[in-house]
Structure formats: structure tokens, C-alpha cells
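# Commentary on secondary and tertiary structure
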Amino acid sequence: ALERTLSIIKPDAVAKNVIGEIYARFEKAGLKIVAAKMKQLSRKEAEGFYAVHRERPFFKALVDFMISGPVMITALEGENAVLAHRDLMGATNPKEAAPGTIRADFADSIDANAVHGSDAVDTAKVEIAYFFAATDVLSR
Ligand code: CMP
């Protein structure tokens, strides 16, 4: 089915100057960018975005990392976009990520793991709405 997913290029990958390389992978996989912005997240924004993890032991480190520099936030659209994007990212822990995935190629640790992607279509709707007004998502 035609889906949308939310993708975030995290501060580590932005600092490595690989935004274009990551976007090229999305495009080659048939995903279209339908919204995008670079943003310095505030602590409140990062905490709200990751609210589902607030009781986890890694929450503070996650939020500290996500506000350590600008991120690139993108809504992607395509056939089975959620799974397609997850396949491109690879496993959350780069040590477990398959060769050729974004995390295998660009991530340094489970915290600095280069990218975030929605885990399901429902989550994607919430996550896209968290960062983009409906009128700023340009289906094409
Ligand atoms: P992300 O897909 O952005 O969702 C939550 C993030 O928490 C995850 O990527 C990791 O970067 C980070 N994280 C740190 N430790 C863990 C852990 N033990 N399990 C899952 N996520 C973790």
C-alpha cells in the first residue's frame, strides 16, 4: 500500500555531512521526499517526540543526543514506505545492522545511530503530524 513514514537524520549523521548520501538511498529505493526541514530540537520537543520511551533507562541520553545538534526531518512516501525505510536503516544497534544499511555504514553506537524511522503506519501518522502541518506535506 502507499504509505508515509517519518525519517530523522540524527545529529551524528548531519555532523558527518552525509545527508545527501542518505537521501540518495531513499530515492533509489523508490521513496519520495514529501516534506523536509532542518531543525535544532528543543529539549521539550525531543522529549515529546520520544515520550513513549520516557521510562526507559536510555531516555535522558537519547534526548541529550537528539538536541546535541541540528537534525534533518523528512516525511517519505512510497509503496510500503514504513518497512522500506526500516530496511534501509538496518537494526537499531549498528553492531547488529546488516552490511550496506545506513546504520552499518554511518552509525557509531546504539545512541548515535544516524537515523530514526517510524515503526508502523499509525506511528508514522503521529510522528509526521508532530513535525509537519498537513499543508506542508506535499504528496507527488
Ligand atoms: P530510534 O529509532 O530513534 O528510537 C529510540 C532510540 O533510542 C533508538 O533509535 C536508539 O538510538 C536509542 N536507544 C538507546 N538505547 C536503546 C536501547 N537499549 N533500545 C532501543 N533504543 C535505544
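Criteria and cut-off values
- Residue positions are counted from 1 within each chain, in the order its sequence is given.
- Selection of residues for local features in this predicted model requires a pLDDT of at least 70, selection of side-chain atom pairs for listing and counting requires 80 or more, and totals for whole chains, interfaces and linings are taken over all residues.
- Each side-chain value is derived from all of the structure's non-hydrogen atoms; neither hydrogens nor water enter the calculation.
- UniProt positions are given in the numbering used here, feature names are shortened, and annotations may be inferred rather than shown by experiment.
- Should DSSP find at least two bridges between two strands, the strands are taken to pair.
- Helix and strand definitions follow DSSP, with helices as H or I runs of at least four residues and strands as E runs of at least two, each counted in order from the N terminus.
- Only the stretch in contact is used when a helix axis is fitted, and all axes are lines through C-alpha atoms; the angle between N-to-C directions ranges over 0 to 180 degrees.
- Each residue gets one of three labels from its accessible area relative to the maximum for its type: buried under 20%, exposed over 50%, partly exposed in between, using a 1.4 Å probe on protein chains only.
- Only heavy atoms matter for contacts: two residues are in contact if any of them lie within 4.5 Å across the pair.
- Counting rule applied: Lys, Arg positive; Asp, Glu negative; His and chain ends not counted.
- For this analysis, a salt bridge means a side-chain nitrogen from Lys or Arg found within 4 Å of a carboxyl oxygen belonging to Asp or Glu.

- As recorded in an unreviewed UniProt entry, the protein goes by the name Nucleoside diphosphate kinase, listed as coming from Rhodanobacter umsongensis.
- For the protein, the Subcellular location (unreviewed entry) comment in UniProt is given as "Cytoplasm".
- Entered under Subunit (unreviewed entry) in the UniProt record, the comment concerning the protein runs "Homotetramer."

## Examining the sheet that holds strand E4 (residues 115-117)
- With antiparallel pairing, four strands are arranged side by side in an open sheet as E2-E3-E1-E4. The open sheet has two free edges, formed respectively by strand E2 (32-39) and E4, since each of these has just one partner strand. Pairwise comparison of adjacent strand axes, ignoring direction, gives a mean angle of 20 degrees for this sheet.
- Where E2 meets strand E3 (residues 71-79), seven bridges bridge the pair, whose relative direction is antiparallel.

## Considerations on the environment of Phe131
- By secondary structure assignment, the location of Phe131 is in helix H7 (residues 121-131).
- Judged by its relative accessible area of 6%, Phe131 falls in the buried class.
- Once residues within four sequence positions are removed from consideration, Phe131 is found in contact with Leu6, Ile8, Lys37, Leu41, Phe49 and Ile73.

## Digging into the side chain of Lys10
- Positionally, Lys10 belongs in the loop between strand E1 (2-9) and helix H1 (11-15).
- Among buried charged residues, Lys10 stands out as having no salt bridge; its nearest opposite-charge side chain is Asp12, 6.9 Å away.
- Apart from the residues lying within four places of it in its own chain, the contact partners of Lys10 are Tyr50, Phe65, Met66, Val71, Asp111, Asn113, Ala114, Val115 and His116.

## Focus: the UniProt feature "active site" (unreviewed entry) in the protein
- Those residues carrying the UniProt feature "active site" (unreviewed entry) are His116 in this numbering.
- Tracing the chain through its elements places His116 in strand E4.
- Looking at His116, the relative accessible area reads 12%, which means it is buried.
- If sequence neighbours within four positions are ignored, His116 has contacts with Leu6, Ser7, Ile8, Lys10, Phe49, Tyr50, His85, Met89, Arg103 and Glu127.

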